[in-house]
Amino acid sequence: MNAQPSRVRLRAYKVGFGDCLLLTVSYKSALPDGRRERHLLIDCGTIARAVDGPRLTDIAEQIAKHSDGQLDAVVATHRHRDHISGFGNKGAAQALDQLNPRMVIRPWTDVPETERTDPRLGLDDDQRHFLSVLDQVPALAEHLNALAFDNAGQATRAGRLAELGFKNPEAIALLESWGSRGRAHYVTAGDTLDVAEQLPGVSLQVLGPPTLKDVGDLTHYAKDSEDYWLGLAGERALAPLVQPGNAAAPARARRVLAEPGGVGAAEWLLRNLSERRISQGLEIVEALDDVLNNTSVILLVTIGSRRLLLPGDAQIENWSLTRDKVEGRNGRKQDRKLATALSKVDLYKVGHHGSRNATPKWLTKHWAATAPPGHTVVSVLSTKTHFFEKSQEGAVPKPELIAGLGELGPLHSTDDLAPGVWWMDLEAPARGNATFTFTAGPDMGTP
Ligand SMILES: [Zn+2]
């Protein structure tokens with residue numbers, strides 16, 4: 001069997017604030033099933049559609065065309081809606097379901113509850129506990145969202161969290177149905193996936209997420225939050241305020257205490273306590289939200305001489321194990337093979353839509369210091385400018401990061417695509433020194 005890849009193409013669809021990428025590998029001759037291409041979908045989601053941009057359903061229909069009706073593998077980097085909402089959106093999910101993916105790759109932190117005791121996974125009590133804390137977050141976020149309704153600032157924060165969302169039951173259900181019959185792979189840093197059948201000639205190396213044994217910091221916020229969460233639920237005095245899912249409860253409690261004639265002190269005390277609790281709760285959920293980014297699968301994909309780095313929304317803690325291996329820090333032996341492989345990356349999907357905490361500086365320094373002469377790193381950014389700027393994260397995308405990546409090679413953002421253009425293509429031969437070339441998709445008009 002001649003399974004030599006000849007070309008590599010990464011399509012980035014203009015989803016707005018989110019990620020949706022299709023990696024297509026072409027082969028010199030037909031594979032045993034008669035096809036000459038194989039397709040890997042990496043995420044499909046948005047939380048803020050591009051102005052005049054396509055709907056998720058439009059994008060899913062394009063993916064069906066671009067993959068000729070068959071997906072060989074799907075990666076859902078992590079559970080945030082901006083990465084998986086397409087698997088839950090009715091129209092998009094219907095179109096994608098027809099593509100019958102043969103393999104589903106998700107982080108170990110997404111293992112369904114019923115499978116967490118499977119000895120093959122080797123999850124210990126700490127790890128299972130961490131996962132159960134993450135499981136509780138949707139209820140907490142929903143509850144806070146209900147409580148924050150009468151405070152503009154808090155409602156904005158809570159609303160943003162609800163939008164980002166931990167809770168994507170439809171999307172998770174579809175991913176899990178695809179993953180049945182042994183097609184699901186819950187991956188951990190250090191794994192190399194066997195894709196000889198699905199994607200011949202392609203190597204999928206997992207750099208993240210690490211296990212908790214490797215990087216305890218992954219749960220740093222979760223551990224703090226767990227204590228808060230118990231405190232929040234356990235205080236009896238304000239019980240009416242903490243009943244989940246009852247938006248009217250705080251107002252009713254205030255009315256009861258404040259009547260007759262509006263007893264100011266009670267009203268003030270209750271409001272104050274309530275707001276602090278909501279604020280504390282929001283801090284916890286925001287922290288857990290960051291933790292969820294840290295559960296992102298980081299993939300290093302090698303196809304011939306091409307290397308693509310696809311990190312989802314992984315933040316510094318998720319990256320730290322890779323850093324320790326590359327630099328030989330924190331008691332770890334330097335992994336020269338990994339260091340060399342990383343320095344040869346020629347296509348980088350910018351982490352977390354260009355936010356400041358997701359592309360570690362050591363990585364860009366590593367590229368600047370070790371890349372072969374004349375080597376460029378082409379960056380692909382999927383983002384929507386100004387969407388995140390009200391959050392504490394500052395500007396997204398972060399101008400300093402964009403400038404830094406610009407020094408290593410061209411950067412292409414979905415946000416810069418002309419109106420009516422729904423995707424961009426980055427294409428390169430599988431072998432040789434040629435870099436990825438950019439082509440904007442055709443004008444598809446306004447949906
Ligand atoms: Zn994201």
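Note that the coordinates shown come from a computational prediction; the quantities given were computed from them, not determined experimentally. (Residues numbered from 1 in each chain as written. Predicted model: local features only at pLDDT ≥ 70, side-chain atom pairs only at ≥ 80, totals over all residues.)

(A) Quick look at the overall build of the chain. What the chain contains, in helices and strands, is 13 helices and 15 strands. By residue count, 45% of the 447 residues in the chain fall in the buried class. (Helix = DSSP H or I, 4+ residues; strand = E, 2+ residues; numbered from the N terminus. Buried ≥ 20, exposed ≤ 12 C-beta atoms within 10 Å, placed from the backbone.)

(B) A look at the sheet that holds strand β3 (residues 37-44). With mixed pairing, 8 strands are arranged side by side in an open sheet as β6-β5-β4-β3-β2-β1-β14-β15. Since the sheet does not close on itself, it has two edges, and those belong to β6 (184-187) and β15 (437-440), each with one partner. Taken pair by pair, the neighbouring strands of this sheet meet at an average axis angle of 20°, ignoring direction. As judged from the 7 bridges shared by strand β2 (residues 20-27) and β3, these two strands associate in the antiparallel manner. Bridging across to β3, Leu-22 finds its partner in Leu-41. (Pairing = 2+ DSSP bridges. Axes fitted to C-alpha atoms, helices over the stretch in contact; angles between N-to-C directions.)

(C) How the structure looks around the confidence of the model for the chain. Put simply, the chain has an average pLDDT of 82, and 74% of its residues get 70 or more. For residues 220-273, every residue scores under 50 in pLDDT, and the model assigns this stretch 57 contacts once sequence neighbours within four places are set aside. (pLDDT = per-residue confidence, 0-100. Contact = placed C-beta atoms within 7 Å.)

(D) Structural view of the environment of Ile-63. By secondary structure assignment, the location of Ile-63 is in helix α1 (residues 56-66). When the 24 C-beta atoms within 10 Å are taken as the criterion, Ile-63 is described as buried. Taking the C-alpha atoms as reference points, Ile-63 and Ala-95, separated by 32 residues in sequence, lie 8.7 Å from one another. If we skip the residues at most four places from it in the chain, Ile-63 touches Leu-22, Leu-41 and Leu-96.

(E) Summary view of the sheet that holds strand β8 (residues 202-208). Strand order in the open sheet formed by 7 strands is β7-β8-β9-β10-β11-β12-β13, and the pairing between neighbours is mixed. Every interior strand has two partners, whereas the edge strands, β7 (192-193) and β13 (411-413), have only one. The pairing of strand β12 (residues 378-381) with β13 spans 3 bridges and is parallel. By the bridge assignment for β13, Leu-381 is matched with Ser-413. Contacts from helix α10 (residues 316-327) reach β8 and β9 (298-303), with the element oriented near 115° to β8.

(F) View of unusual backbone geometry. Backbone torsion omega between Gly-208 and Pro-209 reads 0°, so that peptide bond is classified as cis. Within the secondary structure, Pro-209 is located in the loop between β8 and α7 (220-234). Here Asp-43, not a glycine, exhibits a phi torsion of approximately 60°, which is positive. With respect to the secondary-structure elements, Asp-43 resides in strand β3. What makes Asp-43 buried here is the crowd of 30 C-beta atoms within 10 Å. Positive phi, normally seen in glycine, also occurs at His-353, with a value near 60°. The class for His-353 is buried, based on 25 C-beta atoms found within 10 Å.

(G) Region of interest: the environment of Thr-295. Within the secondary structure, Thr-295 sits in the loop between α9 (264-293) and β9. Residue classification places Thr-295 among the buried residues on the basis of 25 C-beta atoms within 10 Å. C-alpha of Thr-295 to C-alpha of His-78: the two residues are 217 residues apart in sequence and 6.1 Å apart in space. For Thr-295, the contacting residues outside a window of four places in its chain are His-78, Pro-107, Thr-109 and Pro-209.

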